[in-house]
2 protein chains.
Amino acid sequence: MARPSDPSARTRLLEAARHVFIEHGLDRAKVEDITRAAGLSKGAFYLHFKTKDDAFKEILGSALAELGTILGEVEGSRAEWSAKPYPELIEQWFYKDLRLFECLWKHRSIMRLVLEGGGSPSYGHLIDLFAASAQETSERLIRYGLECGYYRADLDPKQAAAFVAGGYDRLARRLVHERRKPNLERWLLGAQALCVRALGTPEFIDACVNVHAARLSESSRRRATA
Amino acid sequence: MARPSDPSARTRLLEAARHVFIEHGLDRAKVEDITRAAGLSKGAFYLHFKTKDDAFKEILGSALAELGTILGEVEGSRAEWSAKPYPELIEQWFYKDLRLFECLWKHRSIMRLVLEGGGSPSYGHLIDLFAASAQETSERLIRYGLECGYYRADLDPKQAAAFVAGGYDRLARRLVHERRKPNLERWLLGAQALCVRALGTPEFIDACVNVHAARLSESSRRRATA
DNA sequence: CGCGTTATTGACTGACTGGTCACTGACCCA
DNA sequence: TGGGTCAGTGACCAGTCAGTCAATAACGCG
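Residues numbered from 1 in each chain as written. Chains lettered and ligands numbered in written order. Predicted model: local features only at pLDDT ≥ 70, side-chain atom pairs only at ≥ 80, totals over all residues. Heavy atoms only, no water.

1. Let's talk about the packing of aromatic side chains
Following the criterion strictly, the structure yields 34 aromatic pairs over all chains and no others. Look at Tyr168(A) and Phe163(B): their rings are 6.1 Å apart centre to centre, the planes differ by 80°, and that puts the pair in the edge-to-face class. In this pair, Tyr168(A) is assigned in helix α8 (residues 157–175) and Phe163(B) in helix α8 (residues 157–175), connecting two distinct chains. As far as burial versus exposure is concerned, Tyr168(A) and Phe163(B) are alike and both buried. Through a chain of ring-to-ring contacts, the aromatic side chains of Trp81(A), Tyr86(A), Trp93(A), Tyr144(A), Tyr150(A), Tyr151(A) and Phe204(A) assemble into a single cluster. The side chain of Arg174(A) reaches across the aromatic face of Trp187(A), ending 4.3 Å from its centre. Directly above the aromatic system of Tyr144(B) lies the positively charged group of Arg78(B), at a separation of 5.1 Å from the ring centroid. (Phe/Tyr/Trp six-rings, centres within 6.5 Å; stacked < 30°, edge-to-face > 60°. Helix = DSSP H or I, 4+ residues; strand = E, 2+ residues; numbered from the N terminus. Buried < 20%, exposed > 50% of the residue type's maximum accessible area, 1.4 Å probe, protein only. Lys NZ or Arg CZ within 6 Å of the ring centre and 35° of its normal.)

Written out as C-alpha cells, the structure is:
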C-alpha cells in the first residue's frame, strides 16, 4: 500500500506560486521561493507541475477563462437587442460591463501582471492579444448596433471600436492598480455615457442620459436612507 | 602617444543594442549578441556602458525624451487657445496629434517593446507610467477646455481624461504594430471626431464636423489630381 | 626598431536557478 | 517487525550569461 499524497499540496503550491508570480513576474519568480512559501520541497513542485511555465499557464488560464466567458456572453446576448426598448438595452449593457469589471477586480493582481507584460518577454504579447480580442468584440457589437439603428450611420466601426475598446482598457488598467475597490457603477456609467455620446444617434443619447439620470437619483436616494 | 579610440564604436554598439533589445527584450538580450553584431568584443561593450541596463536606459531615454517634448508642447500652447476661433483651434490640436503620432511612428520598434513590458519585470511598470502621464496631461487640457467653454459642463474631467487617453493609447498600440505606415491623418481625424462628440458642446461639435468635412473634401481633391 | 601609452580582446569567473534523482520517509498489509 | 509502494526531499548538476582583467594589439614618437 503506497503512501497517500498530501491532498492540499497542489493547492498550496498553486497559491504560493500565484503570490510569487504576482510579486516578481514569471522570469524572476524562483521555484525555490514558491516551494518555501508552500512549505514543500523543490522536488514536490515537479511532482505536480512539469515546469515553472506550466504552473504559470495554469494560474493565468483560469483567470483569463473566466473573463473570456463573460466577454462571450456580452456578444451572445445581441440576438435579443432589437426586441428591447432603448432604456432596457442600456441597462443590460451596463450590467454586463459591471459583471466584467467585477470579475476583473476579483483577478486584479494577475491581471496587473498581464497588463505589465507578465514579467517575461514570453508573455509580453498577451497584452495586445487581450486588447485585440476586446476590440474585435467591440467592432462586432458596434456593427450590430449600426444595423439596429443605435449608432450614427457615418461611423467607421473599426475606428470607433478601437477608440471605445481603448477607453475601457484604460479603466481596466486603473482598476487593477486600485488599493481599495472603487465605485464601479460610477466608473461604468461615466464610460457608457461617453461612449454613447461619441457613437450614438440623438435619440439613443437621450435615452442613455435619462437612464443614467434615473440611476443617479436612485443612488442618491439610497445614500440618503443609509 | 596613445592608441586613438575607434570613433564609431559607441554608435555601433548602441545601434546593435537597439536591434537586439527590440528583438529579444531586455532580459533575453545577450551582451554577446550585441557585441557580435557590432563587430566588437564583450570587453569593449563595458568600456562604453557600465551595465547592459545602462545601454537600455540610454536607448529608451532618447526615444521617450522626444515624445515627452512634443507632449509638453501640446500643453504649453494652451495659453493661446481662448484667442482662437473653434476651427483654428481644432486644426491646431489635430496638427499636434499628428506630430506626436509621427514621432511615435519614428520610434515604433522601441515603443512596441515598452508597450509590451520592456522584456523585463524591471520595466513593466513603464507602460502605466507612460499612460498615466498622458492621462494627466489630458485631464489638465480637458479642465482648461471646460473653462474655455468647449466641453459640456456636466463632464467629470478625470473620467473623461481616462477615456480619451485610453482611446489614443489604443491607436498608439495599433500604430506600433503596423508593418507599413498607415494614413495617420485619417486615424487622427476619426479619433478627434469621436473625442469631440463625447465631450464637446453642440457648437464645438458642429465646428469640428465642419473642419473635418472641409479636410476630407480637400483630401479627395488632392487624391483626384494625383 | 623599441618604447610608452592606451584601446581592445575573449577566456574565464562566479552567481544564479530550473530541473534531476538517489535516498529517506510515510503508509498499509501480513 | 519486515516488506512493498509511492510521496517527498534537497544536494547536486548543468546550463546560462553579465561582468572581469591579464594579455595582446594598435598607435605615434624618437
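2. Regarding the relation of the copies chain B and chain A
It takes a turn of 180° to lay chain B on chain A, together with a shift of 0.0 Å along the axis; the resulting RMSD is 0.1 Å. Taken together, the turn and the small shift mark the pair as related by a two-fold rotation axis. Taken as a fraction of all interface residues of chain B, those also at the interface in chain A reach 98%, which identifies the copy contact as same-surface. (Least-squares fit on C-alpha atoms with pLDDT ≥ 70 in both. Contact = heavy atoms within 4.5 Å.)

3. Some points on the pattern of salt bridges
Inspection of every chain in the model, using the stated rule, returns 40 salt bridges over all chains. Salt-bridge contacts for Asp33(B) lead to Arg36(B); the nearest nitrogen and oxygen are separated by 3.3 Å. On the criterion of helical spacing, the pair formed by Asp33(B) and Arg36(B) is a turn pair, its members being three residues apart in helix α2 (residues 31–38). Across the salt bridge formed by Glu185(B) and Arg215(B), the nearest N and O atoms sit 3.3 Å from each other. Separated by 30 residues along the polypeptide, Glu185(B) in helix α9 (residues 184–199) and Arg215(B) in helix α10 (residues 202–225) bring together distant segments of the chain. Residue classification places Glu185(B) among the partly exposed positions, given a relative accessible area of 26%. One salt-bridge network, in which partners are shared between bridges, spans Glu80(A), Lys84(A) and Glu88(A). (Salt bridge = Lys/Arg side-chain N within 4 Å of Asp/Glu carboxyl O.)

4. Re the environment of Cys195(A)
Within the fold, Cys195(A) resides in helix α9 (residues 184–199). Note: C-alpha distance between Cys195(A) and Gln135(A) (60 residues apart in sequence) is 14 Å. The contacts of Cys195(A), once residues within four sequence positions are left out, are Val164(A), Tyr168(A), Gly200(A) and Phe163(B).

5. As for the interface of chain B and chain A
Each side of the interface is counted separately: chain B has 44 residues, and chain A has 43 residues. In total, chain B and chain A occlude about 3,400 Å² of area from one another, counting both sides; carbon and sulfur atoms represent 56% of this. Interface area lost by chain B to chain A is led by Phe163(B), Arg170(B) and Leu194(B), which between them contribute 23%. The interface formed by chain B and chain A contains six salt bridges. Counting across the chain B and chain A interface gives 12 residue pairs in polar contact (both at pLDDT 80 or more). For the side of chain B that touches chain A, the elements supplying multiple residues, two or more each, are α1 (9–28), α7 (126–147), α8 and α9 of chain B. Top contributing element to the side of chain B that touches chain A by residue count: α8(B), with 14 residues. (Buried area = accessible area lost by both parts, 1.4 Å probe. Polar contact = N/O pair within 3.5 Å; in protein donor to acceptor, adjacent residues only side chain to side chain.)

6. A closer look at the packing of α7(B) against α8(B)
Residue and element names in this part refer to chain B. In the contact formed by α7 and α8, the axes pass within 8 Å of each other and the chain directions differ by 130°. One finds that α7 runs oblique with respect to α8. Here α7 runs over α8; the crossing is right-handed. Contacts between α7 and α8 pair Ile127, Gln135, Ser138, Glu139, Ile142, Arg143 and Leu146 from the former with Pro157, Lys158, Ala160, Ala161, Ala162, Ala165 and Arg173 from the latter. Within the contact of α7 with α8, the residues separate by chemical class into eight nonpolar, two polar and four charged. (Axes fitted to C-alpha atoms, helices over the stretch in contact; angles between N-to-C directions. Parallel < 35°, antiparallel > 145°, perpendicular 65-115°, else oblique. Left-handed = near helix turned anticlockwise from the far one by under 90°. Nonpolar A, V, L, I, M, F, W, Y, C, P; charged D, E, K, R; others polar.)

7. So, the domain arrangement of chain A
All names here are of chain A. With domains assigned, chain A is organised as domain 1 (7–49) and domain 2 (59–224). Here domain 1 and domain 2 have C-alpha centroids that lie 34 Å from each other. Across the contact, eight residues belong to domain 1 and 10 residues belong to domain 2. Taking both sides of the interface into account, the surface hidden between domain 1 and domain 2 amounts to around 700 Å²; carbon and sulfur atoms contribute 74%. Where domain 1 packs against domain 2, one counts zero salt bridges. Inspection of the domain 1/domain 2 interface yields three residue pairs in polar contact (both at pLDDT 80 or more). When grouped by side-chain class, the residues that make up the side of domain 1 that touches domain 2 number five nonpolar, one polar and two charged. (Domains from an automatic or database assignment.)

8. Comments concerning the side chain of Ser138(A)
All names here are of chain A. Within the secondary structure, Ser138 is located in helix α7 (residues 126–148). Overall, Ser138 belongs to the buried group, its relative accessible area being 15%. Dropping the residues within four chain positions of it, Ser138 is found in contact with Ala161 and Ala165.

9. Quick look at the side chain of Thr137(A)
Tracing the backbone through its elements, the reader meets Thr137(A) in helix α7. Not counting the four nearest positions on each side in its chain, Thr137(A) is found in contact with Leu71(A) and Glu75(A).

10. Some words on helix α6 (residues 108–115) of chain A
Owing to its 3.6 residues per turn, the α-helix aligns residues three or four sequence positions apart on the same side. Those residues of α6(A) that fall on the buried side of the exposure criterion are Ile110(A), Met111(A), Leu113(A), Val114(A) and Leu115(A). Where the residues of α6(A) are buried, they touch α1 (9–28), α4 (52–76), α5 (86–106), α7 and α8 of chain A together with α7 of chain B. Directly after α6(A), the chain includes Gly117(A), whose backbone phi takes a positive value near 105°.

11. Remarks on the nonpolar core
Counting 139 residues, the largest nonpolar core has Phe21(A), Phe101(A), Leu199(A), Phe21(B), Phe101(B) and Leu199(B) as its most contacted members. Discounting residues that sit within four places of it in the chain, Leu199(A) has contacts with Ile142(A), Tyr151(A), Arg152(A), Leu155(A), Ala160(A), Val164(A) and Leu194(B). (Core = buried A, V, L, I, M, F, W, Y, C linked by side-chain atoms within 4.5 Å.)

12. Observations concerning the environment of Phe101(A)
Residue and element names in this part refer to chain A. For Phe101, the location among the structural elements is in helix α5. Sequence separation between Phe101 and Ile70 is 31 residues, and the spatial gap between their C-alpha atoms is 9.9 Å. Look past the residues within four positions of Phe101 in its chain and what remains in contact with it is Tyr168, Leu171, Ala172, Leu175, Leu184 and Leu188.

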